[in-house]
Amino acid sequence: MSERLEIHGGQPLDGTVTISGSKNATLPAMAAALALPGGLLLSGVPDLLDVHTMRQLLTSMGTTITAPHNGQLFLQAPDTLNPNAPWELVSRMRASVCVLGPLLSRFRHARVALPGGCNIGHRPIDLHLRGLAALGADISISEGCVSARCSQLIGTTIDLAGPAGPTVTGTCNILIAATLAKGHTVIRNAAREPEVQDLATLLNAAGARISYAGHGTIEIHGVDSLGSATHTVSPDRIEAGTFAVAALLTNGRLTLQHAPTHALTDFLELLQQVGARLTLLPNALIVQRDGPLRPAHAIAQPYPGIPTDLQAQLMALFACTPGESRITDLVFPERFRHAAELIRLGADIHVVGNQARIRGVSRLSGAPLTATDLRASAALVLAGLAASGTTILHRIHHLDRGYQHFDEKLRAVGGQVRRLSESSG
Ligand code: EPU
């Protein structure tokens, strides 16, 4: 049943938040289990909707999945399975496309529905397909599905640069496929996101021979087969960044346990420019204001730049920061649907092309809002926490896709957030 959040703003958040395992590292890791005949034990798996959807997809193919302990999954893909990712699941979660590489490399055949349009802009998969074709896959598109077949993948040099930079899940797909290709593969302009490095660590633990040559180049020496692996997913840098913004917006103080600060350097530098005082502890980060907030220009770009997945949250922060701030998104230039909802709270935002100009207002005021996508939902919750009065956020299944127990974590640090079913009064 559809649910909504009721947010009473105005309270500073104070306390400790434990950062969960990364969603975007978990999803390709789960897909990689298809290529591991010996099975994969994953720890640090976050409890969120996209993980449940990936579980459903892999199970529908014939993978056995158990949860030995809290936050763990054991995935075992049999020697023969049904290599189909249907539209019903792919349309719910684009990361389903990560099964292409592992299916093709181990089972030599994959059929995956084309993901189609999306709320954060145009998201083609041409680079994934070009890379797999370069490895020798025969690719065709019919009835809205990609079919990929091969008798043997052969190592080669692949350049994954697209008009907006490298592709994250595309790199994951090519990495897994090349692991079992014959000979040597070089991926140039590979995505450098930590989630890709997490996947390479997992694959190497299963017997792959992947090494980083620097400057976005990955080298892979193909092996005949992979074995099994035990892997712990890294903490979620986007969840950590989201709570860091929450601390600043509400003028509170949050201790972010397990925050992966090394994976957020540019973002944290920007927060300091905006007026954050950051205190690094051995395995935690304390975030609070260090005086009044100051305007800034945030440019979302591929890693190690400021993540596009934190752009909406920054917009909520800039909406309450005196002076004029700007946001440019070089990764998803149309990812600004949250601007219209923030304007409903009283924000002063103008979007032109891939840039938003935000003039801070002294106070936002609560209103009914509609969540449009995952990160936009988080931004709207944060804005609601900073606004006066009550904000109601509808369509929060978007939020549940990518944040583990977001409202519970907020309540634990003083956020006045209630989850209600759409049918309740
Ligand atoms: N692109 C192409 N061709 C392709 C693939 C991508 O032109 O074949 C373009 C895209 O249109 C975009 C840019 O390249 O302009 C980067 O897209 P990318 O492929 O890297 O995105 P993705 O792999 O589909 C992942 C994350 C997203 C995150 C982006 C960018 C997962 C499961 N998803 O998506 O996360 O925004 O990388 O960092 O890892 C989220 O968690 O909310 C989310 C959307």
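Since the structure is predicted, the reported quantities are computational estimates derived from the model, not experimental observations.

About the thresholds
Residues numbered from 1 in each chain as written. Predicted model: local features only at pLDDT ≥ 70, side-chain atom pairs only at ≥ 80, totals over all residues. Heavy atoms only, no water. Pairing = 2+ DSSP bridges. Helix = DSSP H or I, 4+ residues; strand = E, 2+ residues; numbered from the N terminus. Axes fitted to C-alpha atoms, helices over the stretch in contact; angles between N-to-C directions. Polar contact = N/O pair within 3.5 Å; in protein donor to acceptor, adjacent residues only side chain to side chain. Contact = heavy atoms within 4.5 Å. Near = heavy atom within 4 Å. Areas by Shrake-Rupley, 256 points an atom, 1.4 Å probe, with all protein chains shown as cover. Domains from an automatic or database assignment. Phe/Tyr/Trp six-rings, centres within 6.5 Å; stacked < 30°, edge-to-face > 60°. Buried < 20%, exposed > 50% of the residue type's maximum accessible area, 1.4 Å probe, protein only. Salt bridge = Lys/Arg side-chain N within 4 Å of Asp/Glu carboxyl O. Buried area = accessible area lost by both parts, 1.4 Å probe. Parallel < 35°, antiparallel > 145°, perpendicular 65-115°, else oblique. Left-handed = near helix turned anticlockwise from the far one by under 90°. Nonpolar A, V, L, I, M, F, W, Y, C, P; charged D, E, K, R; others polar.

Participant: Would you mind going over the sheet that holds strand S10 (residues 157-159) in detail, with residue names and values included?
Facilitator: Reading across the sheet, the four strands line up as S10-S11-S13-S12 and stay open at both edges, with mixed pairing between neighbours. Two strands in the sheet have a free side with no partner beyond their single neighbour: S10 and strand S12 (209-214). Across the sheet, the mean angle separating the axes of adjacent strands is 20° when strand polarity is ignored. In this structure, strand S11 (residues 184-188) lies alongside strand S13 (residues 217-221), joined through four bridges in antiparallel fashion. Across the sheet, residue His 184 finds its bridge partner in S13, namely His 221.

Participant: I'd love a proper account of unusual backbone geometry, names of residues and values included.
Facilitator: With omega at 10°, the peptide bond leading from Tyr 303 into Pro 304 counts as cis. By the secondary structure assignment, Pro 304 is in the loop between strand S18 (297-300) and helix H10 (311-319). Here Glu 143, not a glycine, exhibits a phi torsion of approximately 50°, which is positive. Within the secondary structure layout, Glu 143 lies in the loop between strand S8 (138-142) and strand S9 (145-149). A positive phi angle, close to 50°, is found at His 215, a residue other than glycine. If you trace the backbone, His 215 turns up in the loop between S12 and S13.

Participant: Any chance you could break down the side chain of Thr 171 for me, citing the residues and the numbers?
Facilitator: Examined against the element boundaries, Thr 171 turns out to sit in helix H6 (residues 168-179). At a separation of 3.0 Å, a polar atom in the side chain of Thr 171 contacts the main-chain amide nitrogen of Ala 191. Dropping the residues within four chain positions of it, Thr 171 is found in contact with Leu 160, Ala 190, Ala 191, Val 196 and Ile 218.

Participant: Residue-level account of the site of the ligand, with values.
Facilitator: Around the ligand, 24 residues are found, and the nearest of them are Leu 127, Thr 167, Thr 169, Asp 309 and Val 331. Between an oxygen atom of the ligand and a side-chain N or O atom of Lys 23, the distance comes to 3.1 Å. Here the ligand has 820 Å² of accessible area as a free molecule, and 90% of this is covered by the chains. Those elements that provide at least two residues to the shell around the ligand are helix H1 (23-32), helix H5 (126-134), H6 and helix H12 (374-386). Residue contributions to the shell around the ligand peak at three residues, all from H5. Taken domain by domain, the shell around the ligand gets at least three of its residues from each of domain 1 (3-20 + 235-421) and domain 2 (23-232).

Participant: So what's going on with the packing of aromatic side chains? Which residues, and what values?
Facilitator: The tally for this structure, following the rule as stated, stands at two aromatic pairs. Ring geometry for Tyr 403 versus Phe 406: centroids 4.8 Å apart, planes at 40°, classification tilted. This pair shows no difference in class: Tyr 403 is buried, exactly as Phe 406 is. Through pairs of rings, three or more aromatic residues link up here, namely Phe 243, Tyr 403 and Phe 406.

Participant: Break down the pattern of salt bridges for me, citing the residues and quoting the values.
Facilitator: Under the defined criterion, the tally for this structure stands at 17 salt bridges. A salt bridge links Arg 111 to Glu 143, with the shortest nitrogen-to-oxygen separation between them at 3.5 Å. One end of the pair, Arg 111, is in strand S7 (residues 109-113); the other, Glu 143, is in the loop between S8 and S9, and 32 residues separate them in sequence. Residue Arg 111 is classed as partly exposed on the basis of its relative accessible area, which comes to 25%. Its salt-bridge partner being Arg 411, residue Asp 407 comes within 3.6 Å of it at the nearest N-O pair. Within this pair, Asp 407 and its partner Arg 411 are both found in helix H14 (residues 406-412), separated by four residues, close to a single helical turn.

Participant: Tell me about the domain arrangement of the protein, and please be specific about residues and values.
Facilitator: On domain assignment, one finds that the protein holds domain 1 (3-20 + 235-421) and domain 2 (23-232). In this complex, domain 1 contributes 25 residues to the contact, which on the side of domain 2 involves 21 residues. Together, the buried faces of domain 1 and domain 2 total about 1900 Å²; carbon and sulfur atoms form 51% of this surface. Of all residues in domain 1, the largest losses of buried area upon contact with domain 2 belong to Tyr 303, Phe 332 and Arg 401, amounting jointly to 31% of the total for that side. Along the contact surface separating domain 1 from domain 2 lie two salt bridges.

Participant: Go over H1, please, and point to the residues and values.
Facilitator: Residues spaced three or four apart along an α-helix face the same direction, because each turn holds 3.6 residues. Burial analysis of H1 places nine of its 10 residues in the buried class, the great majority of the element. Along H1, the residues that are buried comprise Lys 23, Ala 25, Thr 26, Leu 27, Pro 28, Ala 29, Met 30, Ala 31 and Ala 32. Near the N-terminus of H1, the side chain that reaches the backbone nitrogen of Asn 24, with its oxygen 3.3 Å away, is that of Ser 22.

Participant: Now, about the packing of H6 against helix H7 (residues 194-205): what can you tell me, with residues and values included?
Facilitator: Across the interface, H6 lies against H7 with an axial gap of 10 Å and an inter-helix angle of 15°. By the criterion of interaxial angle, the relationship of H6 to H7 is roughly parallel. The crossing of H6 and H7 is right-handed. Contacts from Val 168, Thr 171, Cys 172, Leu 175, Ile 176 and Thr 179 in H6 reach Val 196, Leu 199, Ala 200 and Leu 203 in H7. A breakdown of the residues in the contact of H6 with H7 according to their chemical character gives eight nonpolar, two polar and no charged.

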